[in-house]
Structure formats: C-alpha cells, structure tokens
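Examining the three-dimensional arrangement
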Amino acid sequence: MNSLKNRTLLKVIVLGDSGVGKTSLMNQYVYKRFNRQYKATIGADFVTKELHIEEKPVTLQIWDTAGQERFHSLGSAFYRGADCCVLVYDVNNLKSFETLNNWHMEFLKQANPFEPETFPFVLIGNKTDVDGGNTRVVSDKRAIEWCGSKGNIPYHETSAKEDINVDEAFLGVAHKALTNE
Ligand code: GDP
Ligand code: MG
C-alpha cells in the first residue's frame, strides 16, 4: 500500500479461469463499456480508477491478465505487492467455481503475503444475467460457504454485461484492501 501525498494507491489483482469475465468486469468498471470480444490486453498491465473511501482519496490499480491464466504463467511482477486479490468465477460454470481453490492457493504461493490468513481476498460470481439465471449452477449459498471456509471472504455477484453490481463490487474491493475488516 503506497501513499502519495494523501492519495492511497492500492494494487488489486484479478484472478480466475479464462472466460469468467475478468476483463469485462474491469472494462465495465473503469470505462463503462461491454464488448463481446476482447483482444488480449496489449500494452498496459493495469488500469486505474480513482475513488473515495470514507472521504479518503484512493487509486485502485487493477491488474488484468492477457490470457496467461490459461497456462498459470503469470509473472512475479503481476503478484508483487498486491494489496487485494479478487477471485472471479462464472455462476453458470461449475468448473470455474471448483478451481477457485487453486487460484486461492496459487495467489498465496506466488505473492507470499506476510499474513496469509488475513490477506484481503474478495470473491465475485459473474454472469448472473445469462438466460435469466436459468443456467446457473452455483448457488449464492454455496459460494458464501466457500467464502466462510477461507476466513470470511466478502462475496459479490455481478453482471459485467448488464452492469449489475459492478461498482458496488469494486467499492467492496477497495474497502477490503484499505481496512481489511
Ligand atoms: P476473462 O477471460 O476472464 O477476461 O473473460 P472476458 O472478460 O474476456 O469474457 C469472456 C466472455 O464472457 C466474453 O465473450 C464476454 O463478453 C462474456 N462475458 C463477460 N462477462 C459477462 C457477463 O456478465 N454476462 C454475459 N452474458 N457475458 C459475459
Ligand atoms: Mg481477460
């Protein structure tokens, strides 16, 4: 966590299986747009968003992958100095939920935070809009149980496509990273 003058810089990394909507969530949050297709991220490693948490100015520096998550080959620069790790799954895709354990472990291994038990994670269940919820396979109850088993990780459900709950989820991320309560 870096403090430039009074502004706090928080590095947030977003992890989860390919296709769950990580890039879409970031684009919706930062640029207010949704595209069906994204080219692999070119150039910038991260995007930033400025906001206020309890009147404190905060810059979220949100790091996305350029598809390397498929090979679990995210370099050490990606993990280094992360203040919060956002795990994303697709509520219509069981496998993306089941691999959360791996992403959680991989983060702790790679980032090697000082206090792994209390490191701030946030879970996002994305794509709640798909087919009006009829193709959903992971209940919110099940997701919340998983969060409980990992030391009460905050949980948000979103649709990057319909821009449902995206701002709230990232506000939760900033709050968690800043206060870790
Ligand atoms: P990433 O690989 O995790 O970065 O996933 P992307 O952001 O590239 O999204 C993968 C696909 O899912 C793309 O075709 C997106 O348009 C689509 N997608 C992402 N979020 C949503 C959502 O909330 N609802 C629906 N219906 N589609 C989504
Ligand atoms: Mg992506």
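Residues numbered from 1 in each chain as written. Chains lettered and ligands numbered in written order. Predicted model: local features only at pLDDT ≥ 70, side-chain atom pairs only at ≥ 80, totals over all residues. Heavy atoms only, no water.

Within an unreviewed UniProt entry, the label attached to the protein reads Ras-related protein Rab7, and the organism entered is Arabis nemorensis. The record held by UniProt for the protein lists under Subcellular location (unreviewed entry) the comment "Endomembrane system". UniProt, in the comment section headed Sequence similarities (unreviewed entry), describes the protein in these words: "Belongs to the small GTPase superfamily. Rab family." (UniProt positions renumbered as here; feature names shortened; annotations may be inferred.)

1. Concerning the confidence of the model for the protein
Per-residue confidence for the protein averages 90 on the pLDDT scale, and 92% of its residues sit at or above 70. Reported confidences for the modelled complex are a pTM of 0.94 and an ipTM of 0.99. (pLDDT = per-residue confidence, 0-100.)

2. What to know about the nonpolar core
The biggest cluster of nonpolar side chains holds 27 residues, and the ones touching the most others in it are Y29, L60 and I62. Breaking this core down by element, the ones donating at least two residues are β2 (7-15), α1 (22-31), β3 (46-53), β4 (56-63), β5 (84-90), β6 (121-126) and α6 (166-179). Leave out the neighbours within four places in its chain, and I62 touches V12, V14, M26, Y29, V30, D45, F46, V47 and F170. Counting residues in hydrophobic clusters, the runner-up holds 24 residues, among them Y79, L100, V138 and A143. (Core = buried A, V, L, I, M, F, W, Y, C linked by side-chain atoms within 4.5 Å. Buried < 20%, exposed > 50% of the residue type's maximum accessible area, 1.4 Å probe, protein only. Helix = DSSP H or I, 4+ residues; strand = E, 2+ residues; numbered from the N terminus. Contact = heavy atoms within 4.5 Å.)

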